[in-house]
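An overview of the molecular structure
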Amino acid sequence: MTDDITAGSPAPDTSLPGDGYVGDPVVRAEWDNRYADRQQLWSGQPNGALVAEVAGLTPGRVLDVGCGEGADAVWLARGGWDVTALEVSGVALERAAGHARDAGVDVRWVHAALTEAALPPASFDLVSAQYPALLRTPDAAAERALLAAVAPGGVLLLVHHAGMETQQAHESGFDPADYVWPSMVAAVFTDDWKVEVNEQRPRVAPDGGAGAHHADDLVLRARRLR
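Let me begin by describing the structure that accompanies this report. (Residues numbered from 1 in each chain as written. Predicted model: local features only at pLDDT ≥ 70, side-chain atom pairs only at ≥ 80, totals over all residues. Heavy atoms only, no water.)

Right, let's get into the pairing of strand β4 (residues 124-130). In regular strands, side chains alternate between the two faces of the sheet. Counting buried residues along β4, six of its seven residues qualify, which places the element largely inside the surrounding structure. Pairing analysis gives four bridges linking strand β1 (residues 61-65) to β4, with the strands arranged parallel. Note on β4: the bridge partner recorded for Val-65 is Ala-129. Where β4 and strand β5 (residues 150-161) come together, six bridges link them in parallel fashion. Bridging across to β5, Ser-128 finds its partner in Leu-157. Handedness of the crossover joining β4 and β5 through helix α5 (residues 141-149) is recorded here as right-handed. (Buried < 20%, exposed > 50% of the residue type's maximum accessible area, 1.4 Å probe, protein only. Helix = DSSP H or I, 4+ residues; strand = E, 2+ residues; numbered from the N terminus. Pairing = 2+ DSSP bridges. Right-handed = clockwise from strand over helix to strand, strands pointing away.)

The subject of this paragraph is the packing of aromatic side chains. Under the defined criterion, the tally for this structure stands at two aromatic pairs. The interplanar angle of 40° and the centroid separation of 6.3 Å between the aromatic rings of Trp-31 and Tyr-35 together place this pair among those described as tilted. Placement of the pair is Trp-31 and Tyr-35 together in helix α1 (residues 25-36), with a separation of four residues, close to one helical turn. The aromatic ring of Phe-124 is capped on one face by Arg-61, whose charged end is 5.1 Å from the ring centroid. (Phe/Tyr/Trp six-rings, centres within 6.5 Å; stacked < 30°, edge-to-face > 60°. Lys NZ or Arg CZ within 6 Å of the ring centre and 35° of its normal.)

Further remarks concern the packing of α1 against helix α4 (residues 90-103). Where α1 meets α4, the axes come as close as 7 Å, and the angle between the chain directions of the two elements is 55°. It follows that α1 is oblique to α4 by the angle criterion. Judged by residue contacts, Asp-32, Tyr-35 and Ala-36 of α1 engage Gly-90, Val-91, Ala-92 and Arg-95 from α4. (Axes fitted to C-alpha atoms, helices over the stretch in contact; angles between N-to-C directions. Parallel < 35°, antiparallel > 145°, perpendicular 65-115°, else oblique. Contact = heavy atoms within 4.5 Å.)

Let us now look at the nonpolar core. Looking at soluble globular proteins, one finds that nonpolar side chains tend to be buried together. By size, the foremost hydrophobic cluster in this structure holds 32 residues, and its most contacted members are Val-127, Leu-146, Leu-156 and Val-185. Elements that contribute at least two residues to this core include exactly β1, β4, α5, β5, α6 (182-186) and β7 (216-224). Among the elements that line this core, the one with the most residues is α5, at five residues. When neighbours within four sequence positions are excluded, Leu-146 is seen to be in contact with Val-65, Leu-114, Val-127, Ala-129, Leu-134, Leu-156 and Val-185. Membership of the second largest hydrophobic core comes to 27 residues, among which are Cys-67, Ala-77, Leu-93 and Ala-96. (Core = buried A, V, L, I, M, F, W, Y, C linked by side-chain atoms within 4.5 Å.)

Taken in spatial order, the seven strands of this open sheet run β3-β2-β1-β4-β5-β7-β6, and their pairing is mixed. The open sheet has two edge strands, β3 (108-111) and β6 (193-202), and neither has a second partner. This sheet shows a mean twist of 15° between the axes of neighbouring strands, independent of strand direction. Against the sheet, helix α3 (residues 71-78) makes contact with β1, β2 (82-87), β3 and β4, and its axis sits at roughly 175° relative to β2, the strand it touches most.

A word on the environment of Asp-191. With respect to the element layout, Asp-191 can be found in the loop between α6 and β6. By relative accessible area, which is 66% here, Asp-191 ends up exposed. For Asp-191 and Arg-224, which are 33 residues apart along the polypeptide, the C-alpha to C-alpha distance reads 9.1 Å.

Between its terminal C-alpha atoms α1 stretches 16 Å, which fits the 16 Å expected from twelve residues at 1.5 Å a residue. Buried within α1 are the following residues: Val-27, Arg-28, Trp-31, Asp-32 and Tyr-35. Along α1, the residues classed as buried sweep out an arc of 130° about the axis, all on the same side. In α1, the exposed positions angled more than 90 degrees off the buried face are occupied by Pro-25, Val-26 and Ala-36. Where the residues of α1 are buried, they touch β2, α4 and β3. Two to three positions downstream of the cap, the backbone nitrogen of Val-26 sits 2.9 Å from a side-chain oxygen, assigning the N-cap of α1 to Asp-24. (Expected span 1.5 Å × (residues − 1). Arc of directions from axis to C-beta. Polar contact = N/O pair within 3.5 Å; in protein donor to acceptor, adjacent residues only side chain to side chain.)

The next thing to look at is the side chain of Glu-53. Turning to its location among the elements, Glu-53 is positioned in helix α2 (residues 48-54). Since its relative accessible area comes to 10%, Glu-53 is described here as buried. Polar side-chain contacts of Glu-53 include one of 2.9 Å to the side chain of Arg-201. Leave out the neighbours within four places in its chain, and Glu-53 touches Leu-157, Val-197, Arg-201, Val-219 and Arg-221.

Interpretation note: all reported values are geometric properties and have no functional meaning in isolation.
As structure tokens, this is what we get:
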């Protein structure tokens, strides 16, 4: 993992430092605890919407936002993509790095929150955010960080669970109003962007793993024109 990614293409680093996290430690602890509760939180398979939407793209540089245990990152690397994978949980990143080593692929790991990561601007041919838990702020920092990472001609792919945005706050403490949803990202597009897909569709869900009960996806795919 590299905590300070500079412009260009530094050599991928599959190692993880003891602690180089950049972001809110409370958020990190929350996700570390969630991952630590189970030996495997997700299915270990790439997300179906990602597989479908990437099928026609030429591999280049990709940013995997909220990479979790690394299934998408490993799948993309196997497909010839130059992968940078970002995650707040160190527990998840350790697992992801192990999966990448087992698969014999190189991934550049970033232990940081999206809004705090030192990402090279406008340099990724694909920015993939699959069901991300991005915290909402008055200045739309997360939304703008997603857009800022995409290179001219590149694609932003944001996938989320349909129906979550309109839910009421849960007794568990989860409040959908605290998080960024696809409609909020779409709202900050300018004339520099062309929306290619913005729809609700049945979810192609991997077997098992948390979140497998969700039936439909919201899929937002947009291309940066300049």
